[in-house]
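Given next are the chains, with one letter for each unit.
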Amino acid sequence: MISVNDFKTGLTVQVDNDIYTVLDFQHVKPGKGAAFVRSKLKNLRNGNTVEKTFRAGETIGRAIIENRGVSYLYASGAEHTFMDNETYDQFTLTSDQLEWELNFLKENMNVKIVSYQGEILGIDLPTSVELKVIETEPSVKGNTAQGATKNAKVETGLNVQVPLFINEGDVLLIDTREGKYSSRA
């Protein structure tokens, strides 16, 4: 058990039989009435974000999340196969479970699997990945307004806004948190 007064960003807790990670929290001490903690929590099972308010000093369950290294092997229809790097056990996740992550996954890529008491909650991507540009518009000479960008499609199918000097075949660093271009690799 953990007190809500001890909340930290990134802490995982169990509330109402669901597993949440703390995205944001604020201790509030109104002039009149009891103090409370206002928090923003992300459900690790379905990805929804909720705002919850707790009384100061209230205790809730602490969820211990396990992270293991796995390799992404291949996709077969809507199922995606991974292999545990230590035990070599294989398991599959559906496209629905990996909606955002599929924009960045390539075969043989190493990622971390997030699980709670044997239940797989999802995968944890590195903060940036290298992806090759497969399709982009040619840049036009003289079209150099400050901060000009164009659309580029990378090998996973993700469309990214990139600077005009990027060409087909270039390898880019893409931020997996926002899905944006960082730099050339």
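Everything quoted here is computed from the prediction, not taken from an experiment. (Residues numbered from 1 in each chain as written. Predicted model: local features only at pLDDT ≥ 70, side-chain atom pairs only at ≥ 80, totals over all residues. Heavy atoms only, no water.)

Another aspect to go through is the environment of Ser3. Relative to the helices and strands, Ser3 resides in strand S1 (residues 2-3). On the basis of relative accessible area, Ser3 is assigned to the buried category, the value being 16%. Along the backbone, Ser3 and Pro163 are 160 residues apart, and their C-alpha atoms lie at a distance of 47 Å. Setting aside its immediate chain neighbours within four residues, Ser3 contacts Gly57, Glu58 and Thr59. (Helix = DSSP H or I, 4+ residues; strand = E, 2+ residues; numbered from the N terminus. Buried < 20%, exposed > 50% of the residue type's maximum accessible area, 1.4 Å probe, protein only. Contact = heavy atoms within 4.5 Å.)

This next bit is on unusual backbone geometry. Most peptide bonds adopt trans geometry, and most residues besides glycine take a negative phi value. Although it is not a glycine, Asp16 sits at a positive phi angle of roughly 55°. Following the sequence through the fold, Asp16 ends up in the loop between strand S2 (12-15) and strand S3 (18-28). Of the residues examined, Asp16 reaches a relative accessible area of 61% and is grouped as exposed.

A separate point is the UniProt feature "domain: Translation elongation factor P/YeiP central" (unreviewed entry) in the chain. Here, the residues flagged by UniProt with the feature "domain: Translation elongation factor P/YeiP central" (unreviewed entry) are residues 67-121. The span residues 67-121 shows a helical share of 0% and a strand share of 56%, and its end C-alpha atoms are spaced 10 Å apart. (UniProt positions renumbered as here; feature names shortened; annotations may be inferred.)

On to the sheet that holds strand S6 (residues 59-62). Across the sheet, six strands lie side by side as S1-S6-S2-S3-S4-S5; this open sheet has antiparallel pairing. The open sheet terminates on both sides in strands that have one partner only, identified here as S1 and strand S5 (49-55). Where S2 meets S6, two bridges bridge the pair, whose relative direction is antiparallel. Bridge pairing links Gln14 to Gly61 in S6. (Pairing = 2+ DSSP bridges.)

It is worth spelling out the packing of aromatic side chains at this point. Counted by the stated rule, this structure contains five aromatic pairs. A centroid spacing of 6.5 Å and a plane angle of 85° characterise the contact between Phe7 and Phe25, whose relative ring orientation is edge-to-face. Of this pair, Phe7 sits in the loop between S1 and S2 while Phe25 sits in strand S3, and the two are 18 residues apart along the sequence. Assessed through its relative accessible area of 3%, Phe7 is described here as buried. Both rings, one in Trp100 and one in Phe104, keep their centres 5.3 Å apart while their planes meet at 65°; by these two values the pair is edge-to-face. On the accessibility criterion, Trp100 (37% relative accessible area) is partly exposed. An aromatic cluster is built from Phe7, Phe25 and Phe54, whose rings are joined through pairwise contacts. (Phe/Tyr/Trp six-rings, centres within 6.5 Å; stacked < 30°, edge-to-face > 60°.)

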